[in-house]
Amino acid sequence: MTKKVQKNKPIGVFDSGLGGLTVVFNLQKSFPEKEIIYFGDTARLPYGNKSPETIQNYARQNTRFLLSFQPEMVVVACHTASALALGKLKTEFSLPIVGVLAPAVKAALAKTRNGRIGIIGTSATVKSNSYPAEIKKANPKIKVYGLACPLFVPLVEEGLFSGPLTNMVVAHYLKSLKEKKIDTLILGCTHYPMLKAVIAGFMGPKVTLVDPSEEVMPEIAAQLKERGQKAGAVSKGGLRIYLSDITPNFRKVATSFLKKELPRLGKANVENL
Ligand code: DGL
């Protein structure tokens, strides 16, 4: 391998399924020159209702798969895996591993004015208490309200980003958070940015939404800078997508996440890694 190729290693990204493409969308906007290798664990999703041990095991196998592409870093574009497995991955692997939780917390702390933050995510993410713990570590006075919204993921996977049913489900879950008078809401699941307009409409203009798929970009930029990679460095960019199962509706829904045509999908079995 030549020196030039080494200098432009890809960024590895994984998620339980297609939600992590919200992060890929922003990665391609921020670092168009970087090649991205995406792994979606579509055969084993959802992660949001699995035990911490299983999520950690899956996250480890996904990372091992991405390592075969010799990436510059791995981005854990899954809140459930970031909340439950990031610490373990960081101790077990020597390359930089970036999760979505810390950047989201940092942004929420900067945005809140009344010290009342909401966090919505999968059941596993909310149960892990990782978001409130991280927020309280920075400022114990902040009030944090966590809420699992399990029906949001299937809504998004059905392509129901708006409409009467989506309005109803959003109102059903977020009514209690609205009553808590939060002024900042973390969209703590990869799929939720797709529901941003409906969530913003329901919560009203006084509530600022934190979209971790955007907030994680400065941390990735900092990691690249630290490792001597510059935006605009010579590279061909591009995206390669691998899935543990090429599910029938992946291409259709993923196209709406990325807002453009997808490359050819590769199949990858990571179970024995
Ligand atoms: N990607 C997951 C997350 O961000 C949501 C889907 C799942 O439960 O696997 O938490």
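Please read these numbers as outputs of a predicted model, since none were measured by experiment.

Visitor: So what's going on with the packing of aromatic side chains? Residues and values would help.
Guide: Under the counting rule described, the total for this entry stands at 8 aromatic pairs. Ring geometry for Phe65 and Phe69: centres 5.4 Å apart, planes at 75 degrees, overall edge-to-face. With a centroid separation of 5.1 Å and 75 degrees between ring planes, the pair formed by Phe152 and Tyr192 is classed as edge-to-face. Placement of the pair is Phe152 in helix H8 (residues 152–157) and Tyr192 in the loop between strand S7 (184–188) and helix H10 (196–203), with a sequence separation of 40 residues. A single burial state applies to Phe152 and to Tyr192, both of which are buried. Aromatic ring contacts, followed pair by pair, group Phe39, Phe65, Phe69 and Tyr242 into a single cluster. Between the NZ or CZ atom of Lys178 and the centre of the ring of Phe202, over which it lies, the distance is 4.5 Å. A cation over a ring is seen here: Lys259 above Phe25, with NZ or CZ 4.5 Å from the ring centre.

Visitor: Could you give an account of the nonpolar core, with specific residues and numbers?
Guide: Among the nonpolar cores identified, the biggest contains 54 residues, and Leu21, Ile120, Phe152, Leu174, Ile199 and Ile220 are the most heavily contacted of them. Filtering out sequence-adjacent residues up to four positions away, Ile199 remains in contact with Ile120, Phe152, Val170, Leu174, Leu185, Leu187, Tyr192 and Leu209.

Visitor: Got a sec to walk through the pattern of salt bridges? Specific residues and values, please.
Guide: Scanning the model with the defined rule gives 9 salt bridges in all. Notably, a salt bridge pairs Glu215 with Lys111, separated by 3.7 Å at the nearest N-O pair. Residue Glu215 is found in helix H11 (residues 212–215), and its partner Lys111 is found in helix H5 (residues 101–111); the two are separated by 104 residues along the sequence. Residue Lys111 is classed as partly exposed on the basis of its relative accessible area of 31%. A salt bridge links Lys137 to Glu134; the shortest N-O distance between them is 3.6 Å. In this pair, Lys137 and Glu134 both sit in helix H7 (residues 130–138), 3 residues apart, roughly one turn of the helix.

Visitor: Tell me about helix H13 (residues 250–258), and name the residues and values.
Guide: One turn of the α-helix equals 3.6 residues, which is why residues spaced by three or four share an orientation. Phe250, Val253, Ala254, Thr255, Phe257 and Leu258 are the residues of H13 that are buried. Where H13 is buried, its residues touch helix H2 (21–30), H8, strand S9 (239–243) and strand S10 (265–267). Just past H13, the residue Lys259 takes up positive phi, approximately 60 degrees.

Visitor: Tell me about the sheet that holds strand S5 (residues 116–121), residues and numbers included.
Guide: Read across the open sheet, the 4 strands follow the order S6-S5-S7-S8; overall the sheet is parallel. Edge strands, defined here as strands with exactly one partner in the open sheet, are strand S6 (143–148) and strand S8 (208–210). Within the sheet, the average angular offset between the axes of one strand and its neighbour, ignoring direction, is 20 degrees. Alignment of S5 against S6, held across 6 bridges, turns out to be parallel. Residue pairing across strands places Ile119 opposite Gly146, the latter belonging to S6.

Visitor: How would you explain the confidence of the model for the protein if you had to name every residue and give the values?
Guide: Of the residues in the protein, 95% have a pLDDT of 70 or more, and the chain-wide mean is 93. Note that residues 1–6 has pLDDT below 50 and, in this model, 3 contacts with residues that lie over four places away or in other chains.

Visitor: Tell me what's going on with the packing of helix H3 (residues 52–67) against helix H4 (residues 79–92), and back it up with residues and numbers.
Guide: The axes of two packed helices give the description: the angle between them and the distance between them. H4 packs onto H3 with a crossing angle of 60 degrees between their chain directions and a minimal axis gap of 9 Å. As the angle between them shows, H3 and H4 are arranged oblique. Crossing of H3 against H4: the hand is right-handed. Of H4, the residues touching H3 (which contributes Pro52, Ile55, Gln56, Ala59, Arg60 and Thr63) are Thr80, Ala81, Leu84, Ala85, Lys88, Leu89 and Glu92.

Visitor: Requested: an account of the site of the ligand, with residues and values cited.
Guide: Around the ligand, the structure places Asp15, Ser16, Pro46, Tyr47, Gly48, Cys78, His79, Thr80, Thr122, Cys189, Thr190 and His191. Between an oxygen atom of the ligand and a main-chain N or O atom of Tyr47, the distance comes to 2.7 Å. Contact between the ligand and Gly48: an oxygen atom at 2.9 Å from a main-chain N or O atom of the residue. Burial of the ligand by the surrounding chains reaches 98%, relative to a free accessible area of 300 Å².

What counts and what doesn't
- Residues numbered from 1 in each chain as written.
- Predicted model: local features only at pLDDT ≥ 70, side-chain atom pairs only at ≥ 80, totals over all residues.
- Heavy atoms only, no water.
- Phe/Tyr/Trp six-rings, centres within 6.5 Å; stacked < 30°, edge-to-face > 60°.
- Helix = DSSP H or I, 4+ residues; strand = E, 2+ residues; numbered from the N terminus.
- Buried < 20%, exposed > 50% of the residue type's maximum accessible area, 1.4 Å probe, protein only.
- Lys NZ or Arg CZ within 6 Å of the ring centre and 35° of its normal.
- Core = buried A, V, L, I, M, F, W, Y, C linked by side-chain atoms within 4.5 Å.
- Contact = heavy atoms within 4.5 Å.
- Salt bridge = Lys/Arg side-chain N within 4 Å of Asp/Glu carboxyl O.
- Pairing = 2+ DSSP bridges.
- Axes fitted to C-alpha atoms, helices over the stretch in contact; angles between N-to-C directions.
- pLDDT = per-residue confidence, 0-100.
- Parallel < 35°, antiparallel > 145°, perpendicular 65-115°, else oblique.
- Left-handed = near helix turned anticlockwise from the far one by under 90°.
- Near = heavy atom within 4 Å.
- Polar contact = N/O pair within 3.5 Å; in protein donor to acceptor, adjacent residues only side chain to side chain.
- Areas by Shrake-Rupley, 256 points an atom, 1.4 Å probe, with all protein chains shown as cover.

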